[in-house]
Amino acid sequence: METTNGIEFDSGNAELNQKISEWLRWDKNENSSNEIKSLVKAKEWATLSGRLLKRLAFGTAGLRGVMQSGFNAMNDLVVIQSAQGLCQYILQCYQSADDRKRGVVLGYDGRYNSKRFAELSACVFLAEGIPVWLYSRTVATPFVPFAVKELSCLAGVMVTASHNPKEDNGYKVYWTNSAQIIAPHDKNIQSSILENLEPLDTSWDLNLLKSNNLKDPYDEMVQLYFIKLKQNVPESFVANYNRKCPQRFVYSAMHGVGYPFIEKCFETIGLQPVIAVEEQRDPNPDFPTVKFPNPEEGKSALNLSIKLANDSNCSIILANDPDADRLACAEKDVTTGEWRVFSGNELGALLGWWSIRCYREQFPDRSMSDCYLLASTVSSKMCRSIANVEGLNFVETLTGFKWMGNHSVDLMAAGKTVLFAFEEAIGFMCSPTVLDKDGVSAAGQLATMACYLKETSNQTLSDKLNELYDIYGFHCAFTSYHFCYEPPVIETIFERIRTLTGPDCGYPKTIGAGRFPIGSIRDLTTGYDSKQPDLKALLPSSKSSQMITFSFENGAVITLRTSGTEPKIKYYAEMCAKPGQRDWCGSRKTLNEMVDLIVEELLEPTKNNLTPRSE
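Residues numbered from 1 in each chain as written. Predicted model: local features only at pLDDT ≥ 70, side-chain atom pairs only at ≥ 80, totals over all residues. Heavy atoms only, no water.

Colleague: It is not clear to me how the nonpolar core should be interpreted in this structure. Could you clarify?
Modeller: Generally speaking, nonpolar side chains in soluble globular proteins are found buried as a group. The biggest cluster of nonpolar side chains holds 135 residues, and the ones touching the most others in it are Phe266, Leu318, Phe428, Leu461, Phe550 and Phe552. With 10 residues, helix 16 (residues 439-457) is the single largest residue contributor to this core. (Core = buried A, V, L, I, M, F, W, Y, C linked by side-chain atoms within 4.5 Å. Buried < 20%, exposed > 50% of the residue type's maximum accessible area, 1.4 Å probe, protein only. Helix = DSSP H or I, 4+ residues; strand = E, 2+ residues; numbered from the N terminus.)

Colleague: Looking at this structure, how should I read the pattern of salt bridges?
Modeller: Close approach of charged atoms lets side chains of opposite charge pair. Summed over the entire model, instances satisfying the criterion amount to 32 salt bridges. With its nearest N and O atoms 2.6 Å apart, the salt bridge here joins Asp76 to Arg116. Placement of Asp76 in helix 4 (residues 76-93) and of Arg116 in helix 6 (residues 114-127) is noted, with a sequence separation of 40 residues between them. According to the relative accessible area criterion, Arg116 is partly exposed, its value standing at 29%. A salt bridge links Arg496 to Glu604; the shortest N-O distance between them is 3.4 Å. Of this pair, Arg496 sits in helix 18 (residues 487-498) while Glu604 sits in the loop between helix 19 (584-603) and strand 25 (611-612), and the two are 108 residues apart along the sequence. (Salt bridge = Lys/Arg side-chain N within 4 Å of Asp/Glu carboxyl O.)

Colleague: Can you walk me through the packing of helix 11 (residues 259-268) against helix 16 in this structure?
Modeller: Any two packed helices are characterised by how steeply their axes cross, that is the angle between the axes, and by the distance between the axes. With their axes 9 Å apart at the nearest point, helix 11 and helix 16 run at an angle of 40° to one another. Taken together, the axes of helix 11 and helix 16 lie oblique to each other. Of the two possible hands of crossing, helix 11 and helix 16 adopt the one that is right-handed. Across from Phe261, Ile262, Cys265 and Phe266 in helix 11, the residues of helix 16 making contact are Gly439, Val440, Ala443, Gly444 and Ala447. (Axes fitted to C-alpha atoms, helices over the stretch in contact; angles between N-to-C directions. Parallel < 35°, antiparallel > 145°, perpendicular 65-115°, else oblique. Left-handed = near helix turned anticlockwise from the far one by under 90°. Contact = heavy atoms within 4.5 Å.)

Colleague: It is not clear to me how the side chain of Glu119 should be interpreted in this structure. Could you clarify?
Modeller: Mapped onto the secondary structure, Glu119 falls in helix 6. Buried within the structure, Glu119 lacks any salt-bridge partner; Lys115 is the closest side chain of opposite charge, at an N-O distance of 4.2 Å. Beyond its immediate stretch of four places on either side in the chain, Glu119 contacts Leu134, Leu206 and Leu209. (Lys, Arg positive; Asp, Glu negative; His and termini not counted.)

Colleague: How should I be thinking about empty space enclosed by the protein in this particular structure?
Modeller: Rolling a probe over the atoms, with the probe sized like a water molecule, indicates the empty space that remains. Applying the stated criterion to the full structure yields 3 cavities of 30 Å³ or more. Taken as a whole, the largest cavity encloses approximately 70 Å³ of empty space. Around the largest cavity sit 13 residues that line it, and Ser431, Thr433, Val434, Asp438 and Ser441 are the ones nearest its centre. When grouped by side-chain class, the residues that make up the lining of the largest cavity number 6 nonpolar, 4 polar and 3 charged. Considering only enclosed or pocket space, the second largest cavity measures out at about 60 Å³ in volume. Looking at the second largest cavity, the residues that line it are Leu229, Asn232, Val233, Cys430, Ser431, Ser441, Gly444 and Gln445. Element by element, the count of residues in the lining of the second largest cavity is highest for helix 16, at 3 residues. Residue composition of the lining of the second largest cavity, grouped by class: 3 nonpolar, 5 polar and no charged. (1 Å grid on protein atoms, 1.4 Å probe; cavity = no way out; pocket = protein on both sides within 12 Å on 5 of 7 lines; lining within 4 Å. Points joined across faces, edges and corners; volume = space filled by probe spheres on them. Nonpolar A, V, L, I, M, F, W, Y, C, P; charged D, E, K, R; others polar.)

Colleague: Sorry if this is basic, but what is going on with the packing of helix 1 (residues 14-26) against helix 3 (residues 45-52) here?
Modeller: Running from N to C, helix 1 and helix 3 cross one another at 70°; their axes reach a closest spacing of 10 Å. Between helix 1 and helix 3, the crossing angle belongs to the class labelled roughly perpendicular. Along the contact surface, helix 1 presents Leu16, Lys19, Ile20 and Trp23, while helix 3 presents Trp45, Leu48, Ser49 and Leu52. Its residues placed into classes, the contact of helix 1 with helix 3 shows 6 nonpolar, 1 polar and 1 charged.

Colleague: Where do I start with the side chain of Ser520 in this structure?
Modeller: With respect to the helices and strands, the residue Ser520 is situated in strand 20 (residues 516-523). Look at Ser520 and you get buried, because its relative accessible area is 10%. Not counting chain neighbours up to four residues away, the residues in contact with Ser520 comprise Ser530, Lys531, Thr549, Phe550 and Ser551.

Colleague: Could you clarify how one ought to interpret the sheet that holds strand 10 (residues 275-276) in this entry?
Modeller: Reading across from one edge, 10-9-11-12-13 is the order of the 5 strands in this open sheet, with mixed pairing throughout. The sheet is open, and its two edges are formed by strand 10 and strand 13 (339-341), each paired on a single side. Across 5 bridges, the pairing between strand 11 (residues 316-320) and strand 12 (residues 327-332) is antiparallel. The residue bridging Ile317 from the neighbouring strand is Ala330, located in strand 12. Sheet strands in contact with helix 12 (residues 303-312) are strand 9 (250-252), strand 10, strand 11, strand 12 and strand 13, and its direction is about 160° off that of strand 9. (Pairing = 2+ DSSP bridges.)

Colleague: Before we go on, may I ask you to explain the layout of surface pockets in this structure?
Modeller: Roughly 540 Å³ of volume is contained in the second largest pocket. Contributing to the lining of the second largest pocket are 30 residues, with Lys381, Arg384, Glu396, Ser551 and Val557 lying nearest its centre. Taken together, the elements giving at least two residues each to the lining of the second largest pocket come down to helix 14 (382-390), strand 18 (475-483), strand 20, strand 22 (547-552), strand 23 (556-562) and strand 24 (568-576). Within the lining of the second largest pocket, the residues separate by chemical class into 10 nonpolar, 13 polar and 7 charged.

Colleague: Explain the packing of aromatic side chains to me, please; I cannot follow it from the model alone.
Modeller: When we look at a pair of aromatic rings, we describe it by the centre distance and by the angle of the planes. On inspection of all chains with the given rule, the structure shows 27 aromatic pairs. Residues Tyr135 and Tyr218 carry aromatic rings whose centres are separated by 6.3 Å and whose planes lie at 90° to one another, so their mutual orientation is edge-to-face. Of this pair, Tyr135 sits in the loop between strand 5 (132-134) and helix 7 (143-150) while Tyr218 sits in helix 9 (residues 218-231), and the two are 83 residues apart along the sequence. Neither residue differs from the other here; Tyr135 and Tyr218 are each classed as buried. Aromatic side chains Tyr218 and Phe261 sit 6.4 Å apart centroid to centroid with 50° between the ring planes, which places their arrangement in the tilted category. In this pair, Tyr218 is assigned in helix 9 and Phe261 in helix 11, connecting sequence segments 43 residues apart. On the basis of relative accessible area, Tyr218 is assigned to the buried category, the value being 10%. According to the relative accessible area criterion, Phe261 is buried, its value standing at 2%. Members of the aromatic cluster, joined through ring pairs, are Tyr135, Phe143, Phe146, Tyr218, Tyr225, Phe226 and Phe261. When the ring centre of Phe71 is taken as origin, the NZ or CZ atom of Lys19, which lies over that ring, is 5.9 Å away. Its guanidinium or amino end placed over the ring of Phe363, Arg366 lies 3.8 Å from that ring's centre, counting from NZ or CZ. (Phe/Tyr/Trp six-rings, centres within 6.5 Å; stacked < 30°, edge-to-face > 60°. Lys NZ or Arg CZ within 6 Å of the ring centre and 35° of its normal.)

Structure, rendered in C-alpha cells:
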C-alpha cells in the first residue's frame, strides 16, 4: 500500500502508483489535485492510467489538449513542467548573461485558464533571472511572434488552442527567429521537460509577477505592429480607394480576441469601420453561439454574420478564429442573394495575386526574380501557376506554418523577398512582418483588395477569382475530413493503403475499378516517392503523422493525412486546368467523383466507424 500526503492507495501497477504519488506531491492547484484524489478514492485505475501514464507531448509547435487533471492534459502542473523544460533548454542554448537579458515574450487568448497558464510560465522564467515580456491583456496570436522579432527575444509562448473546442487549451512556442519551433528544438524541448518534471516552489509563486524583470509590451508592440501593417499597404491604395470606397464589412471575432485589432487595422489603413457581430465580438470562453469556434467550418459558423450582413445590406463578411491568426471571408451574390464562403485555397489565390499587385505598386522598378510565394504541400498550387506566369518563385513546404515561417527566414537570410505564404486552412502570411499566419493583417489586405476592385473595375472578389482562373488556369480544390477517435484504427487504415496490392510498396494503382489510374505516390510517413529515381521523397518525412499523396494521370492530386491537433483524417484534392480551358464544371464533377471514390475505397468510413464532417 502506497501513502502520499495522507492518502493510501494501491492500484496494483507500480508505475501507476508512482505517477499518482508524483501528482499528489507536485500539484498545488486545489481543483486538479482534488480531481485526482477523488479518482484514487474511487479506485478508478483505468481512468487514472489514461490520465497519468501518458504524457501530453509537443506536437504542432507546442502543446494542445483538453483542460483537466493528469499528465496528458492542459493544467497548471503540466504547464509549469513545460515552462521549466523550455526555460532550461533556453539556458542551455544561450549561456551568456547578455543573451539571457533578451528575455522571452508571453501572450494569451480569452480561453479559460489562458491568463493563469501565461502567468505561471512567467514565474518559471523570472525565477531563473530571465526577463519576461508578458502582455497585460488578451492578444491575437500574431502579436507574440511579432514581439519576439521586434524585441529580439530568445523565444515566445502564446497560450491558445486556436479554434479548438472550449474544453481545450494549448501552448504554442516560437523560437529566437520568431518562427514556430521545428526540429531539433521541438524534440530537445520535450527532452528537457522530461528532465525537469518536479516543479520548483518558485514556479507556483505568483508574487514573482511583481519583479522588475517583468514588463508589459502591449502598448509598444500594438503601436509598432500597425505602423508596419500600414507600410505593407500602398499609400496610393489607401488614399484613392480605401478612403473613398463606401464598402462596409461585417466582422465576427468568433468570441475571440480579434475585434480591437481589426478595428484598429481598418482605422489605420482608411477603411470604413467594420459592422461587428455583437454576440461574438468580445472574448467568451464558452463560445455560446457556435458548435465549433472555427470559421473554417463555413456557413454553420457564420449564421449570425450572414443574418447581420443581410440586415445591414452588406455584401462581404470577414471572420477570425478565436485567436485571430486565421481569416475567413464570405461574399453575397447580389443577383441571387446567395452567400459564397470562400475556401482557404480561393483566398490564397486572391491574396497571392494581390501581394504581387501591391509589390509592383510600391516598387515598380524592381525585378520580381528574387520574390517568393509559398504554400504548404496540401494547399492549392494556384500560387505556383501565378508565379510561373509572373516571373516569381514558388516554394512548397510541409504542412503547417512552422515550415513556411522557417523557410521564409532562410530565404530572407539569402537576400530574397517573401511576398506571401498560405495554407488551405484559411491561414495567410501577407508579409514577413509576422512569420506566422496573421488574420488581422490578412483582413486588412483582403478588405483593401475589395475596395480596389470595386473602385477600379466594379468587380467582386468572385469576379476577380474567375478572372484569375482565366489567366492562370482553373484550380478546383476540395478539402474535408472524417473524425476518427481511435488511433489504432488510423494506423490500420494507412497500413492497409500501403499493402493494398502487395506486402511491399503495395499502394493502390487505380481507384474506381480502373477508371482513374494513379501516376505516382508520395508517402511522407515512410519517405517514399515513386517519382524519384531513388524512390526517396524530397520533402522531409515524419513517422509521427500519416500523409500519402496520390497524383493521378488525369492531373488530379489527392492527399490523405492525419491532423496534428485533432482526431481527424483529412483529405485534400485539387484538379488543375490549363489557362483558357473553360470546362470548369467538368473538372469539378470529376474531382468530386474521385474524392468520393478514394474515401469509400481507401478510408472505408462505414467499416471503420468514421464520422464525416457535419456541414
